[in-house]
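So you can see what is in the structure, the chains are spelled out below.
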Amino acid sequence: MTPVRAIRVGLVACQTCGLVMQRGPVPSPPTSCARCGTRLRERRPRSAENTLAWLIAGVILYIPANVLAVMYVSGVGGGEESTIIGGVLSFWRAGSWDIALLIFTASIAVPATKFVALAMLLWTVHRGSSWARKQRTALYRLVEFIGYWSMLDVVVVALTAALLKFKALGTAEPRLGIVFFCGVVVTTMIAALSFDPRLIWDMGANDGH
Amino acid sequence: MSMPTRGRELLVCPHCDAVHRAVVLARHEVAACVACGHILARRHSLSVDQLLALTVTAALVFLIANSYPLMTIEVGGMQTEATVWGAALLMLHGWAAWPAAVLALSMFILPLLQIALLLWVLAFARFGRRAPGFDRVLVTLHRSRPWSMTEVFLLGALVAVVKLSSWVHVTPGIGIWALASLTILLTILSLVEPRFWWTLLQAHP
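Residues numbered from 1 in each chain as written. Chains lettered and ligands numbered in written order. Predicted model: local features only at pLDDT ≥ 70, side-chain atom pairs only at ≥ 80, totals over all residues.

Next up on the list: the overall build of chain A. From N to C terminus, chain A includes 7 helices and 5 strands. What you see for chain A is a C-alpha radius of gyration of 23 Å, clearly larger than the 17 Å of a compact globule of 209 residues, by over 25%. Expressed along its principal axes, the backbone C-alpha trace of chain A runs to roughly 75 × 35 × 25 Å. Per-residue burial over chain A gives 40% buried out of 209 residues. Taking as baseline every contact in chain A between residues at least 6 positions apart, the subset at least 24 positions apart corresponds to 63%. (Helix = DSSP H or I, 4+ residues; strand = E, 2+ residues; numbered from the N terminus. Rg over C-alpha atoms; globule rule 2.2 N^0.38 Å. Buried ≥ 20, exposed ≤ 12 C-beta atoms within 10 Å, placed from the backbone. Contact = placed C-beta atoms within 7 Å.)

The terminal C-alpha atoms of helix α6 (residues 177–194) of chain A, which comprises 18 residues, lie 26 Å apart, in line with the 26 Å expected from a rise of 1.5 Å per residue. Counted residue by residue, α6(A) has 16 buried out of 18 residues, so it is predominantly covered. (Expected span 1.5 Å × (residues − 1).)

Residue and element names in this part refer to chain B. Here strand β4 (residues 30–32) runs beside strand β5 (residues 39–42); their pairing, made up of 3 bridges, is antiparallel. For A32, the partnering residue across the bridge sits in β5 and is I39. With antiparallel pairing between neighbouring strands as the criterion, β4 and β5 make up a hairpin whose turn holds 6 residues, including G37 at a positive phi of roughly 85 degrees. (Pairing = 2+ DSSP bridges.)

Time to look at the packing of helix α3 (residues 97–126) of chain B against helix α4 (residues 134–144) of chain B. All names here are of chain B. Between α3 and α4, the shortest axis-to-axis distance is 10 Å and the interhelical angle comes to 150 degrees. You can see that α3 and α4 cross each other, and the crossing is left-handed. Only F134, V137, T140, L141 and S144 of α4 make contact with α3, whose side of the interface consists of L110, L113, Q114, L117, W120 and V121. (Axes fitted to C-alpha atoms, helices over the stretch in contact; angles between N-to-C directions. Left-handed = near helix turned anticlockwise from the far one by under 90°.)

Residues and elements named next belong to chain A. Pairing in this open sheet of 3 strands is antiparallel, and the strands run β4-β3-β5 from one edge to the other. Strands at the two margins of the open sheet, each flanked by one partner only, are β4 (78–82) and β5 (170–174). Going from strand to strand, the sheet's axes swing by 15 degrees on average, the running direction of each strand aside. Summarising the sheet, strand β3 (residues 71–75) and β5 pair through 5 bridges and their orientation is antiparallel. Counterpart to M71 in the pairing with β5 is P174.

For chain A, the assigned domains are domain 1 (1–42) and domain 2 (46–202). The distance between the C-alpha centroids of domain 1 of chain A and domain 2 of chain A comes to 36 Å. (Domains from an automatic or database assignment.)

All names here are of chain B. Of all residues in chain B, 93% attain a pLDDT of 70 or more, and the chain-wide mean is 87. The weakest mean pLDDT in chain B belongs to strand β1 (residues 3–4) at 50; the strongest belongs to helix α1 (residues 48–67) at 95. Interface confidence in the predicted complex, given as ipTM, is 0.87; pTM for the same model is 0.90. (pLDDT = per-residue confidence, 0-100.)

The next thing to look at is the packing of helix α5 (residues 152–163) of chain A against helix α5 (residues 150–165) of chain B. Angle between the axes and distance between the axes: these two values describe a pair of packed helices. Relative to each other, α5(A) and α5(B) sit at 50 degrees, their axes nearing to 8 Å. The pairing of α5(A) with α5(B) is recorded here as oblique in orientation. α5(A) and α5(B) meet at a crossing whose hand is right-handed. Taken together, the residues of α5(B) that come into contact with α5(A) (itself represented by L152(A), V155(A), V156(A), L159(A), T160(A) and L163(A)) are V152(B), F153(B), L155(B), G156(B), A157(B), V159(B), A160(B), K163(B) and L164(B). Partitioning the contact of α5(A) with α5(B) into residue classes produces 12 nonpolar, 2 polar and 1 charged. (Parallel < 35°, antiparallel > 145°, perpendicular 65-115°, else oblique. Nonpolar A, V, L, I, M, F, W, Y, C, P; charged D, E, K, R; others polar.)

Before going further, it helps to spend a moment on the interface of chain B and chain A. Facing the 58 residues of chain B at the interface are 60 residues of chain A. Broken down by element, the side of chain B that touches chain A gets its largest block of residues, 10 residues, from α5(B). Across the side of chain B that touches chain A, the residue classes break down as 42 nonpolar, 12 polar and 4 charged.

This next bit is on the domain arrangement of chain B. Domain annotation for chain B reports domain 1 (1–43) and domain 2 (46–203). Distance from the C-alpha centre of domain 1 of chain B to the C-alpha centre of domain 2 of chain B: 30 Å.

Below, the discussion takes up the sheet that holds strand β6 (residues 71–75) of chain B. Neighbouring strands of a sheet are bound in pairs by backbone hydrogen bonds; such pairs are parallel or else antiparallel. Residue and element names in this part refer to chain B. Here 3 strands make up an open sheet; going across it, the order is β7-β6-β8 and the pairing antiparallel. Strands with a single pairing partner mark the edges of an open sheet, and in this sheet they are β7 (78–82) and β8 (169–172). Between one strand axis and the next, the sheet turns by 20 degrees as a mean value, whatever way the strands run. Relative to β7, β6 is paired through 5 bridges, and the arrangement is antiparallel. Across the sheet, E74 pairs through a bridge with Q79, a residue of β7.

Turning next to unusual backbone geometry. Trans is the prevailing form of peptide bonds, just as negative phi is the prevailing case for residues other than glycine. All names here are of chain A. Of note in the backbone geometry, R46 takes a positive phi value of approximately 45 degrees without being a glycine. When you line up the elements, R46 lands in the loop between β2 (20–22) and α1 (47–67). The phi angle at A132 is positive, at roughly 45 degrees, despite the residue not being glycine. Locating A132 in the fold gives a position in the loop between α3 (97–126) and α4 (133–146).

Shown next as structure tokens:
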């Protein structure tokens, strides 16, 4: 059994507080929520376009974020700049495979997964596909959930730089790569928040739109 | 003006737009959308008093997490320590100010704002009153939630402890325990669904 969809029976739910209101047949359709005052919209405006724009911005920032160094550490034996992948590898070589895996997941795998997942969602929505709707909605929830964990490396760099301040004995400084990396996290989070998952359910064979 | 629907309360899934009739949930029951599986409602057994107690605790723990060092490191007799806001502040110059601002917002300012707003709403609700600016406070709480990231800071601090311990002597501080407790408290508070907050005063007239 397929449930009734709000848009087809003239109902609209406030995206902030969840109050369900009638859109018609009242003479003038409601413009703001009766409970919390948020502007009522059936769908997030220009959702696909905004998501695509933020996604492209994220992909572009992802390149310098991985190529440039994120941190510079110096000690008695001289200084060394390290990239994100370089940090993962040095943990791996030092035998801390668990930390290496954690940073790899948060900093490299999570953003890459978000790019692929959001691109796939945008493409299938654009085509009006009715394929695997439930699974695609679950994929959206996953993208939403994993989003902010990528901030992990920014936290590690900030804390390391704040702590290692021993002049000749050891110092750490953030490098430009971390700015781009932080940009990747913020842009992909905005991309995920701009995407309206209801678009997955809006078009398709058995739902004349 | 818009008309709320009459009769039994309706729920519309925010992820797929499917319309459901609200049902009364038993303790620990959750209501999931029949079409897409999104959790529509969750029955929690916390009263306003209990929520207020949790929020007051969160405020105290927040204070501790920011007054005591997360960790202390020692090299050749010299010591440095890092606090939550200190980590962000130290980067606040030059181009590093950009990620530092994001960190300060997501790890310090927004969690603090959330605790303050919850305290405000709950303290009034405790006496059956509608807090001044009720609507705006709840909307702000809703909007700021995705950007509040205490749990990420906790994991980052733990990774930093492990990372630094390969070079220098690291001692985890009281701050890290407070941060862990804060993460748990904020997670419990964030599980309370928006509908509960919006109907807070209907339940407590």
